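# Residue-level structural notes
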Amino acid sequence: MKSVPHATSLRRAPVQRRSAERLAKILDACADLLDEVGYDALSTRAVAQRAGVPIGSVYRFFGNKRQMADALAQRNLDRYSARVTQRLREAGPDAGWRTAMDTVLDEYLEMKRTAPGFSLVDFGNQIPVGARQGEPNHRVADRLTELLSGYLDREPDEDLRRVFLIAVETADTLVQLAFRVAPDGDPKIIDEAREMLRGYLSRVLD
């Protein structure tokens, strides 16, 4: 089972602080507009106007809106990883895999409820709207294997990655169902998802 690399969507990486701040403004504007008008009505010109930057600044980083959405998805994954890492650091190394699993799920739910644009792009698997492609879940499984292997005192090998991939695919399907049933995620479905994940992971990690 091979990991899936993430090719950056940036035409040019920012090298100065001012350039990095401009890129952040562009992605913030993209996220806000995705919530307001959706992906089909999104345009690079509208993003530039919302961000308060020249249209050339957008094209300096992105050739089209798809590349912007991909970059936003990557930023979401980076921020998600940072939040999970911080919470696990606060919990301490003896908290156990159940705490780690709850952290992974809870932080995903929090971003789904509060992060602008997340409902459409999350980690890159919902554009075009309604498409559920597998590659981003492989990317998330790779990241979780990297983040949690040390915390769980396990080798980050293919067996552990396969476990996380199955858990991610399962959680993804059930969370999508929960948010189709209720705008903030049906709590009973989320509870069932949590129990299913615990049952599966306990067989592997206990």
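Preceding block: the structure.
These figures come from a predicted structure and were not determined experimentally. (Residues numbered from 1 in each chain as written. Predicted model: local features only at pLDDT ≥ 70, side-chain atom pairs only at ≥ 80, totals over all residues. Heavy atoms only, no water.)

### Here's the deal with the overall build of the chain
For the chain, the count of helices and strands is 9 helices and 0 strands. Shown N-terminal to C-terminal, the secondary structure of the chain runs as helices and strands in the order α-α-α-α-α-α-α-α-α. For the chain, buried positions account for 48% of its 206 residues. Pairs at least 24 apart in sequence give 67% of the contacts found in the chain among residues at least 6 apart. Carbon together with sulfur atoms contributes 50% to the accessible area of the chain, which is approximately 10,800 Å² in total. (Helix = DSSP H or I, 4+ residues; strand = E, 2+ residues; numbered from the N terminus. Buried < 20%, exposed > 50% of the residue type's maximum accessible area, 1.4 Å probe, protein only. Contact = heavy atoms within 4.5 Å. Areas by Shrake-Rupley, 256 points an atom, 1.4 Å probe, with all protein chains shown as cover.)

### Thoughts on helix 9 (residues 187-205)
Compared with the 27 Å implied by 1.5 Å per residue over 19 residues, the 26 Å span of helix 9 between its first and last C-alpha is a close match. All of the buried residues along helix 9 are Ile189, Ile190, Ala193, Arg194, Leu197, Tyr200, Leu201 and Leu205. Taken around the axis of helix 9, the buried residues stretch over an arc of 140°, which confines them to a single face. Along helix 9, exposed side chains directed more than 90 degrees from the buried face belong to Lys188, Glu192 and Arg203. Residues of helix 9 that are buried in the fold lie against helix 5 (97-114) and helix 8 (158-181). The backbone nitrogen of Lys188 has a side-chain oxygen 3.1 Å away, supplied by the residue at the start of helix 9, namely Asp186. (Expected span 1.5 Å × (residues − 1). Arc of directions from axis to C-beta. Polar contact = N/O pair within 3.5 Å; in protein donor to acceptor, adjacent residues only side chain to side chain.)

### Digging into the nonpolar core
Membership of the largest hydrophobic core comes to 37 residues, with the highest contact counts inside it found for Tyr80, Phe123, Leu144, Leu148, Leu152, Phe164 and Leu201. Of all the secondary-structure elements, those providing two or more residues to this core are helix 4 (65-91), helix 5, helix 7 (135-148), helix 8 and helix 9. Here this core takes 10 residues from helix 8, the largest share from any one element. For Leu148, the residues in contact, after removing those within four places along its chain, are Leu88, Ala100, Val104 and Phe164. Ala29, Cys30, Leu34 and Leu42 belong to the second largest nonpolar core, which has 23 residues in total. (Core = buried A, V, L, I, M, F, W, Y, C linked by side-chain atoms within 4.5 Å.)

### Observations concerning a negative patch on the surface
Judged by side-chain charge, Asp153, Glu155, Asp157 and Glu158 come together as a negatively charged surface patch. Position of Glu158 relative to the elements: it lies in helix 8. (Patch = residues over 30% accessible without salt bridge, like charges linked within 9 Å, V, L, I, M, F, W, Y side chains within 5 Å. Salt bridge = Lys/Arg side-chain N within 4 Å of Asp/Glu carboxyl O. Lys, Arg positive; Asp, Glu negative; His and termini not counted. Charge placed at Lys NZ, Arg CZ, Asp CG, Glu CD.)

### Let's talk about empty space enclosed by the protein
Under the definition given, this model contains 1 cavity of 30 Å³ or more. The computed volume of the largest cavity comes to approximately 350 Å³. As for the largest cavity, its lining consists of 26 residues, and the residues nearest its centre are Tyr80, Val104, Leu144, Val168 and Ala171. Those elements giving two or more residues to the lining of the largest cavity turn out to be helix 5, helix 7, helix 8 and helix 9. A breakdown of the residues in the lining of the largest cavity according to their chemical character gives 21 nonpolar, 2 polar and 3 charged. (1 Å grid on protein atoms, 1.4 Å probe; cavity = no way out; pocket = protein on both sides within 12 Å on 5 of 7 lines; lining within 4 Å. Points joined across faces, edges and corners; volume = space filled by probe spheres on them. Nonpolar A, V, L, I, M, F, W, Y, C, P; charged D, E, K, R; others polar.)

### Concerning the side chain of Thr44
Looking at the element boundaries, Thr44 is found in helix 2 (residues 44-51). With a relative accessible area of 12%, Thr44 lands in the buried category. A distance of 2.8 Å separates polar atoms of two side chains, one belonging to Thr44 and the other to Tyr59. Excluding its chain neighbours within four sequence positions, the residues that come into contact with Thr44 are Ile55, Val58, Tyr59, Asn64, Lys65 and Met68.

### Let's talk about the packing of helix 1 (residues 17-37) against helix 2
Contact geometry of helix 1 with helix 2 gives a least axis separation of 8 Å together with a crossing angle of 115°. By crossing handedness, the relation of helix 1 to helix 2 is classed as right-handed. Across the interface between the two elements, Lys25, Ile26, Ala29, Cys30, Asp32, Leu33 and Glu36 from helix 1 touch Ala46, Val47, Arg50 and Ala51 from helix 2. Split by residue class, the contact of helix 1 with helix 2 holds 7 nonpolar, no polar and 4 charged. (Axes fitted to C-alpha atoms, helices over the stretch in contact; angles between N-to-C directions. Left-handed = near helix turned anticlockwise from the far one by under 90°.)

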